[in-house]
Amino acid sequence: MRITPLILTLLLAAAPAFAGLSGPDLRTAPRADVEAALPDAHPSAYFHYAERLYAEDDREEAITWMYVGRIRYLLHLHSNPVGADEDTEEFRKLTAAVLYPAMEWASDDIDMLIGRLEAALAWDAEHPNGFTPRDSFKAQWEHARADVQRLRDELHARRDDIRAAQEAERDGG
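This one's a predicted model, so the numbers in the text were calculated from it and none came from an experiment.

Definitions and cut-offs
- Residues numbered from 1 in each chain as written.
- Predicted model: local features only at pLDDT ≥ 70, side-chain atom pairs only at ≥ 80, totals over all residues.
- Heavy atoms only, no water.
- Helix = DSSP H or I, 4+ residues; strand = E, 2+ residues; numbered from the N terminus.
- Buried < 20%, exposed > 50% of the residue type's maximum accessible area, 1.4 Å probe, protein only.
- Areas by Shrake-Rupley, 256 points an atom, 1.4 Å probe, with all protein chains shown as cover.
- Phe/Tyr/Trp six-rings, centres within 6.5 Å; stacked < 30°, edge-to-face > 60°.

When helices and strands are counted, the protein shows 8 helices and 0 strands. If you list the helices and strands of the protein from N to C, you get α-α-α-α-α-α-α-α. Of all 173 residues assigned to the protein, the portion counted as buried reaches 47%. About 8400 Å² of surface is accessible on the protein, with carbon and sulfur atoms providing 50% of the total.

A few words now on the packing of aromatic side chains. Per the stated rule, a full pass over the model turns up 7 aromatic pairs. Their ring planes at 25° and their centres at 6.2 Å tell us that Y46 and W65 sit as a pair that is stacked. Taken together, the residues span a long stretch of sequence, with Y46 in helix α3 (residues 44–55) and W65 in helix α4 (residues 59–79) at a distance of 19 residues. Taking the relative accessible area as the measure of exposure, Y46 reaches 1% and is therefore buried. Judged by relative accessible area, which is 3%, W65 ranks as buried. Taking 6.2 Å as the distance between ring centres and 80° as the angle between the ring planes, the aromatic pair formed by F47 and F91 counts as edge-to-face. Taken together, the residues span a long stretch of sequence, with F47 in helix α3 and F91 in helix α5 (residues 85–106) at a distance of 44 residues. Owing to a relative accessible area of 0%, F47 belongs among the buried residues under this scheme. Ring pairing ties together the aromatic residues Y46, Y49, W65 and W123, which thus form one cluster.

Written as structure tokens, this is what we have:
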């Protein structure tokens with residue numbers, strides 16, 4: 001299934017690296033070890049971990065980690081505007097390479113996608129951020145979270161329109 005124009009528009013409206021996870025290897029370490037190290041890692045590590053999960057066919061879980069990464073990457077970028085050019089470019093590359101292809105798959109199940117956005121928001125709220133401490137950047141953290149909250153809310157509000165567009169596409173219209 002292709003991303004419908006409506007879903008792509010929502011994704012782009014919500015959008016405005018470094019893989020350096022110290023400790024376990026993102027590609028090979030047990031998931032529990034990786035997930036324990038993520039709170040202190042550069043935000044790109046979440047995207048790379050999501051790539052692994054997607055390749056292992058745990059796509060729903062990959063969606064959650066991509067959006068945790070998005071929240072944490074946006075917080076990092078909003079909190080470090082000086083010298084963030086390299087990170088901004090890496091964020092754009094990761095979004096294009098990791099997030100958009102996964103969203104194409106996820107667009108078939110809007111309810112699952114909304115649930116995964118909620119899971120990402122919950123995980124982010126419940127776990128510290130050792131890379132860009134949110135206590136030091138509360139307004140930026142709230143702004144980063146609002147990005148994902150807006151997408152979740154828009155998907156929820158337009159759920160019927162999205163389903164109708166998908167049905168029309170399936171029916172060849």
